Amino acid sequence: MPLNYSSKILASFFLILLGALIMLILHYFQNTPAPPSGEYYYSKFLRLNFTWIAISLYTITGFTIGYYFQLNCFIVGISLIGIFPITSIIESTIYPGSHNLIPFEFAVFFIYGLPAIIAAFAGKWLFEKSYKRKLP
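Let me sum up the structure you'll find in this document. (Residues numbered from 1 in each chain as written. Predicted model: local features only at pLDDT ≥ 70, side-chain atom pairs only at ≥ 80, totals over all residues. Heavy atoms only, no water.)

### Description of the nonpolar core
Grouped together as the largest cluster of nonpolar side chains are 23 residues, with contacts concentrated most on Met 23, Phe 50, Tyr 58, Val 76 and Phe 84. If you list the elements that add at least two residues to this core, you get helix H1 (5-30), helix H2 (41-49), helix H3 (52-69), helix H4 (73-80), helix H5 (83-94) and helix H6 (102-134). Looking at this core, the element that brings in the most residues is H1, giving five residues. Those residues in contact with Met 23, other than ones at most four positions away along the chain, are Leu 46, Asn 49, Phe 50, Ala 54, Tyr 58 and Phe 84. (Core = buried A, V, L, I, M, F, W, Y, C linked by side-chain atoms within 4.5 Å. Buried < 20%, exposed > 50% of the residue type's maximum accessible area, 1.4 Å probe, protein only. Helix = DSSP H or I, 4+ residues; strand = E, 2+ residues; numbered from the N terminus. Contact = heavy atoms within 4.5 Å.)

### Digging into the packing of H2 against H5
Helices that pack against each other are described as a pair by the angle of their axes relative to one another and the distance between those axes. Contact geometry for H2 and H5: axes closest at 9 Å, N-to-C directions at 160°. As summarised for this structure, H2 and H5 are arranged roughly antiparallel, according to the angle between their axes. For the pair H2 and H5, the sense of crossing is left-handed. Taken together, the residues of H5 that come into contact with H2 (itself represented by Tyr 41, Tyr 42, Ser 43, Leu 46 and Arg 47) are Ile 83, Phe 84, Thr 87, Ser 88 and Glu 91. For the contact of H2 with H5, the class distribution of residues is five nonpolar, three polar and two charged. (Axes fitted to C-alpha atoms, helices over the stretch in contact; angles between N-to-C directions. Parallel < 35°, antiparallel > 145°, perpendicular 65-115°, else oblique. Left-handed = near helix turned anticlockwise from the far one by under 90°. Nonpolar A, V, L, I, M, F, W, Y, C, P; charged D, E, K, R; others polar.)

### A look at a nonpolar patch on the surface
A surface patch of nonpolar side chains, amounting to about 550 Å² of accessible area, comprises Phe 74, Ile 78, Phe 110, Ile 111, Leu 114 and Ile 118. Where the nonpolar patch is concerned, the elements lending two or more residues are H4 and H6. Among the secondary structure elements, Phe 110 is positioned in helix H6. What makes Phe 110 partly exposed here is its relative accessible area of 35%. (Patch = residues over 30% accessible without salt bridge, like charges linked within 9 Å, V, L, I, M, F, W, Y side chains within 5 Å. Areas by Shrake-Rupley, 256 points an atom, 1.4 Å probe, with all protein chains shown as cover. Salt bridge = Lys/Arg side-chain N within 4 Å of Asp/Glu carboxyl O.)

### What to know about unusual backbone geometry
At Asn 31, a position not held by glycine, the phi torsion is positive, near 55°. Turning to its location among the elements, Asn 31 is positioned in the loop between H1 and H2. Asn 31 sits in the exposed class, given a relative accessible area of 63%. With a phi angle near 50°, Gln 70 is a residue other than glycine that sits in the positive phi range. Structurally, the position occupied by Gln 70 is in the loop between H3 and H4.

### Here we look at the side chain of His 99
Turning to its location among the elements, His 99 is positioned in the loop between H5 and H6. The exposure class of His 99 is buried, given its relative accessible area of 7%. Within the local environment of His 99, its side chain forms a polar contact with the side chain of Ser 43, the two groups lying 3.4 Å apart. The contact partners of His 99, leaving out residues within four places of it in the chain, are Tyr 40, Ser 43, Ser 88, Glu 91, Ser 92 and Glu 105. (Polar contact = N/O pair within 3.5 Å; in protein donor to acceptor, adjacent residues only side chain to side chain.)

### With respect to the environment of Met 23
Relative to the helices and strands, Met 23 resides in helix H1. Distance in space between the C-alpha atoms of Met 23 and Leu 46 is 6.8 Å, their sequence separation being 23 residues.

Coordinates in, geometry out; function isn't part of it.
See below:
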């Protein structure tokens, strides 16, 4: 079922929140130590919790969203890891001089999102193949 423009924006916000929720839940299940307080606290918090488990959950979520909602694969992947660039921008605003290599950080965040992008593409592709088989 194709979504209209406002539904895609709402889905993107939902996926950003879902990605943040995944990171928060993983913090409690993995028992990762809290980073020292300071200007990079939230960035380090996210980076410490971005483990293979997080990558696996993002991949499963990307596949599920791609299969059931057929959203653009890049929107799914970028939205799921959207908490990373948002955190970098907020920290660089609060602490001037921190995150002075934001374009390179965004490139790394895009790499973080690649498994979810690929999985969303695979889910969308699998849905289209199964849908074509159901047609008479």
